[in-house]
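Chain and residue survey
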Amino acid sequence: MKNIFISLLFIVFSFPLFALYTIKGKIVDATTQSPLDFVNVALYKQNEEAPATGVVSDVKGDFQLPNVPKGKYFLRVSFVGYNTINIPLNVSEKELNMGMIKLFEDNKTLTEVQVIGQGTQMRFEIDKKVFSVDQNIAAAGGSASEVLQNIPAVEVDGEGNVSLRNSSSVEVWINGKPSGLTAENRAQILQQMPAESIQEIEIMTNPSAKFNPEGTSGIINLVLKKNRKGGYYGSVSAGTIYAQGGKPGATLGANVNYSSGKIDAYLNVGYRAMNFQGGGYFDRYNLKTTGSLVDTLSLLSQQNVMKRGFSGLFTRAGIDYRLNDKNTLSLTGFGMAGSGYSVTNIDYSVKNYLTNATRKYARQNTGAGTRPSLNLSLDHKYEIDKNGSNLMTSLSYSTHKRASEETYVQTENQIKTSDITQIYSGNNNELQFKIDYTKKFDQNTRLETGWQSTAQNRASPANGIDNTKTPPADIKSYFNEFLYNEQIHAAYVTYGSRIDKLSIQGGLRAEYMLKDWENKYYTNANVIKSDKSNYKPVVQLFPSAYLSYTLPKNNELQLNFTRRINRARGREINPFRNYSDSTNISFGNPDLLPELTSAFEFNYLKTWDNHSLSASAYYRFTDDVMQSVRFMNKGVMENTTMNVTNSNNTGVELVAKNRFFKLINLTSSVNLYYNRMEAATYTSLYDNTLITNIPEQQMFSWSGRIMANIILGKNTFAQISGDYSAPRLVAQGKESSSYAIDLGLRQTFLNQNLSLNFMVRDLLDSRRRSLITWGDGFYQKSQSYFHGRMIGLTATYNFGNMKPKKTQRKQENNQDMNFEGGISE
């Protein structure tokens, strides 16, 4: 009873100390008296460098800062093209009305802002790191894949596959949504998406329960350009890119934006035509083990040269219509259309050590295909109150199609021994509905809850034709038709609060999943057989927890935990057999279980005036790890995916940004990690008595990346970036070290309306993937690359009637003013 009484006394007498007040006002142009929207309004405590809170003015120029504790502050009002003003405040009244605040145009800024330098390459936010793409000179004229190659902790291999912190289990989103991107199609989509369409990239390694738990290593969100500026504006661009060994390619782009008090609209069109030359080799030793003795039976050597290319159109369009001060309706979409080709020449040599005989033969694979896609989204946002509470609903639809035809012609002693055409098509449709409710009780307390339903279906028929027959005949063993349906229904709730310097957030997401699949194929008796799934619906829970504590002198500590999942889809579960390499046949496994990961992360943030540092220690434990498993079947290597083991990943990631002498912006990162895969066994698909033991594997490895933006003159900027990856573990083996250097140069003219960008990617022509793998009956060394050094030149011209002209300084002013976190849309 005594303790309760003391607690009540403490609450009663301390209540006045925690009284909260409201600051409001209206911002106008001092000359025209017209209201100014999207003006930055930040409130600072005396003698502190970081803002206590902040907002931007609405379309009427009004702003409101609720729930401000009593004390002495200064109010900073800033807008690019106008003079920044600082107003001292002594908050002691329940409502402080600032009245009309007039901003005067900064004539010097309007005429000379282009000489102040470049915006920041990276900024930290409470739950993510954000990287500006506008500052990535070395990616000018390139694709989204090439942009991602310069992002810390992100890796893109030669085939366009994306990984985060050494894990390929990552989600790639566009504007805060999956947008139909899957592990099967995103490599092609990212390679076709122009770099110029991306504004920034957000990296979230431990997203909260509000977000889809797919991707055990996190989410990479591509935020596409959608600036709001008064009037109309846009740009046109043209360029060429030459990849060593291929033919020169072309890039064309145009975008137009319009904004008024009621409507924001945009249209972006980009065309890319590229040609590449790649290749590689492997040496595979076929082994026989007798007791402790290992004999080499034969050596299969392969060398290949591949020429490939694509041309396509990428289009985005959208419109936001503000019905009134509280309601905004948005319709957005993007689509791609185009075609690609490939010609691969392969030379084989088989050395038989028992007979000392050597056999040589060759194979040419010629392919062509299309990958059209479309994504549409209808969104509504309702602003509930001035605290920032809102209700958001979204309905989106995406469709991705694929059609490919590849012909394999094999010759030996200049005699054609086989001529087969393999035909594959795919159709993936997805419909998603979301509703998200956010209740902000005050500036420091927030409740979020919502519902998401996603339904998708896939159809993937395949067939083969023997062209040596007259007339050409179907090959029964090549026939495969895989049908897949899936539904996921999810509900979530998160609650967060800030008490003085301590921020706490907890959340829980529940997902109910339904799925079924059917696979049709011919048996040995030439009868179509149908296998069907036997999947029972399940409910899975995904909790998340965050703690953050602010220390003096701009230091911050963060601790978080999430549970995430990686569900197999696409080629991983499709039994379709790929015969493009007759010595290495791959196929999917529809019985794969999902990977489940528990992830812990501890972050330390420190900021100075010109420097900042982020240090993250992380630990991930994953059950039922899906690994690519190789085994020999009648002298042919076959490759599929199985759940074979559990893994532990522990690491430290350091990311720093530094500005030196106002001329150099440096972004550096290093990721040091320890990877351990537990011992496991798997059984051959063709012989249940053949069991392969995989011993425990463990390795320490690291990777690093550095990017420097340099001001060489009033209108001349340069960029140099380099990355290195040490040797690391892969399924049944390890990958050798790799490194690369990229360069970029930008020159601007006509008051920065015209710019020329020159880039060299992979300056040293060193981007190669070298592997050593082993398993029951084989040992293999291989190396491959998708293209060599690339050189490009792009010209961009900006136009419009914006008043005042907004520049990259706006982004710099906003870099520390995200108080909510989350994924941008």
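How each quantity is defined
Residues numbered from 1 in each chain as written. Predicted model: local features only at pLDDT ≥ 70, side-chain atom pairs only at ≥ 80, totals over all residues. Heavy atoms only, no water. Helix = DSSP H or I, 4+ residues; strand = E, 2+ residues; numbered from the N terminus. Buried < 20%, exposed > 50% of the residue type's maximum accessible area, 1.4 Å probe, protein only. Contact = heavy atoms within 4.5 Å. Areas by Shrake-Rupley, 256 points an atom, 1.4 Å probe, with all protein chains shown as cover. Phe/Tyr/Trp six-rings, centres within 6.5 Å; stacked < 30°, edge-to-face > 60°. Lys NZ or Arg CZ within 6 Å of the ring centre and 35° of its normal. Pairing = 2+ DSSP bridges. Axes fitted to C-alpha atoms, helices over the stretch in contact; angles between N-to-C directions. Polar contact = N/O pair within 3.5 Å; in protein donor to acceptor, adjacent residues only side chain to side chain. pLDDT = per-residue confidence, 0-100. Patch = residues over 30% accessible without salt bridge, like charges linked within 9 Å, V, L, I, M, F, W, Y side chains within 5 Å. Salt bridge = Lys/Arg side-chain N within 4 Å of Asp/Glu carboxyl O. Core = buried A, V, L, I, M, F, W, Y, C linked by side-chain atoms within 4.5 Å.

A tally of helices and strands in the chain yields 5 helices and 46 strands. For the chain, the proportion of its 825 residues judged to be buried stands at 49%. Here the contacts in the chain between residues at least 6 apart in sequence split such that 67% fall between residues at least 24 apart. Surface exposure of the chain reaches about 37,800 Å², of which carbon and sulfur atoms provide 57%.

What follows is about the packing of aromatic side chains. Inspection of the entire model under this criterion finds 11 aromatic pairs. Plain terms: the ring middles of Phe479 and Tyr522 are 5.3 Å apart, the flat faces sit at 70 degrees to each other, and that makes the pair edge-to-face. Linking Phe479 in the loop between strand 25 (473–474) and strand 26 (480–499) with Tyr522 in strand 27 (residues 502–522), this pair joins segments that are 43 residues apart in sequence. When its relative accessible area of 19% is taken as the criterion, Phe479 is described as buried. Judged by relative accessible area, which is 22%, Tyr522 ranks as partly exposed. Across from the ring centre of Tyr361, 4.2 Å away, lies the NZ or CZ of Arg359, which sits over that ring. When the ring centre of Tyr424 is taken as reference, the NZ or CZ atom of Arg571 above it lies at 4.6 Å.

Moving on, we get to the sheet that holds strand 6 (residues 85–91). Spatially, the 4 strands line up as an open sheet ordered 3-2-5-6, and their pairing is antiparallel. Where the open sheet ends on each side, the last strands, each with one partner, are strand 3 (53–56) and strand 6. Direction aside, neighbouring strands of the sheet carry axes that sit 20 degrees apart on average. Taken together, the 6 bridges between strand 2 (residues 40–45) and strand 5 (residues 71–78) define a ladder with antiparallel strand orientation. Looking at the pairing, Lys45 lines up with Tyr73 of strand 5.

Turning our eyes to something else, we now look at the side chain of Arg509. Summarising the element assignment, Arg509 is placed in strand 27. Among the residues examined, Arg509 registers a relative accessible area of 1% and is labelled buried. Separated by 3.3 Å, the side chain of Arg509 and the backbone oxygen of Ala209 make a polar contact. Engagement of the side chain of Arg509 in a polar contact is seen with the backbone oxygen of Lys210, the distance being 2.9 Å.

The predicted model of the chain has a mean per-residue pLDDT of 82, with 85% of residues at 70 or higher. Predicted confidence for residues 107–120 stays below pLDDT 50, and this span has 38 contacts to residues more than four positions away or in other chains. Contacts from residues 803–821, a stretch scored under 50 in pLDDT, to residues over four places away or in other chains number 56 contacts.

What follows covers a nonpolar patch on the surface. Taken together, the side chains of Ile319, Tyr321, Leu323, Leu329, Leu331, Leu378, Leu395, Tyr397, Leu431, Phe433 and Trp451 make up a nonpolar region of the molecular surface, amounting to roughly 950 Å² of accessible area. When residues of the nonpolar patch are traced back to their parent elements, those giving at least two are strand 18 (293–322), strand 19 (327–352), strand 22 (390–412) and strand 23 (415–442). By secondary structure assignment, the location of Tyr321 is in strand 18.

Bridge analysis of strand 31 (residues 584–586) against strand 34 (residues 636–660) gives 3 bridges, and the strand direction is parallel. Bridge pairing links Ile585 to Glu638 in strand 34. Sheet topology places strand 33 (residues 611–633) next to strand 34; 21 bridges connect them, and they run antiparallel. Note on strand 34: the bridge partner recorded for Met632 is Met637. Here strand 33 folds back onto strand 34 in antiparallel fashion, the turn holding 2 residues, of which Lys634 has a positive phi close to 55 degrees. Here 14 bridges tie strand 34 to strand 35 (residues 664–677), and the two strands are oriented antiparallel to one another. Bridged to Arg659 within strand 35 is Asn665.

Let's shift gears to the pattern of salt bridges. For the coordinates displayed, the defined rule picks out 22 salt bridges. Linking Glu412 and Arg359 is a salt bridge whose minimum nitrogen-to-oxygen distance equals 3.1 Å. Within this pair, whereas Glu412 is found in strand 22, its partner Arg359 is found in strand 20 (residues 357–370), the two being separated by 53 residues in sequence. Measuring nitrogen to oxygen at the nearest pair gives 3.0 Å for the salt bridge that ties Glu696 to Arg676. Placement of Glu696 in the loop between strand 37 (691–694) and strand 38 (697–713) and of Arg676 in strand 35 is noted, with a sequence separation of 20 residues between them. The exposure class of Glu696 is partly exposed, given its relative accessible area of 39%. Taking relative accessible area as the criterion, Arg676 reaches 24% and is therefore assigned partly exposed. When salt bridges that share partners are traced, they join Glu214, Glu486, Arg509, Glu511, Arg567 and Arg569 into one network.

Further remarks concern unusual backbone geometry. Cis geometry marks the peptide bond from Thr470 to Pro471; its omega dihedral reads -5 degrees. Note on placement: Pro471 falls in the loop between strand 24 (445–466) and strand 25. Backbone geometry at Leu750 places phi at a positive 50 degrees, although glycine is not the residue there. Tracing the backbone through its elements, the reader meets Leu750 in the loop between strand 42 (738–749) and strand 43 (754–761).

Our focus in this paragraph is the nonpolar core. Core analysis: the biggest nonpolar cluster contains 27 residues, and Leu148, Val162, Met193, Ile201, Ile220 and Leu222 have the highest contact counts within it. Broken down by secondary-structure element, the contributors of at least two residues to this core are helix 3 (144–148), strand 10 (154–156), strand 11 (162–164), strand 12 (171–174), helix 4 (186–192), strand 13 (198–204), strand 14 (219–224) and strand 19. With sequence-adjacent residues up to four places away left out, Leu222 is seen in contact with Leu148, Val172, Trp173, Ile174, Asn175, Leu190, Met193, Ile198, Glu200 and Ile201. Residues Ile23, Ile27, Leu89 and Val91 belong to the second largest nonpolar core, which totals 20 residues.

A few words now on the environment of Ile87. Among the structural elements, Ile87 can be located in strand 6. Sequence separation between Ile87 and Arg76 is 11 residues; the distance between their C-alpha atoms is 6.5 Å. Ignoring any residue separated from it by four or fewer positions in sequence, one finds Ile87 in contact with Tyr73, Phe74, Leu75, Met98 and Ile101.

For the rest of this paragraph, the subject is the side chain of Asn257. With respect to the element layout, Asn257 can be found in strand 16 (residues 249–259). According to the relative accessible area criterion, Asn257 is buried, its value standing at 6%. There is a polar contact of 2.8 Å between the side chain of Asn257 and the side chain of Asn255.

Within the secondary structure, Ser766 sits in the loop between strand 43 and strand 44 (769–775). Taking the relative accessible area as the measure of exposure, Ser766 reaches 11% and is therefore buried. Excluding residues that lie within four positions of it along the chain, Ser766 makes contacts with Tyr739 and Ala740.

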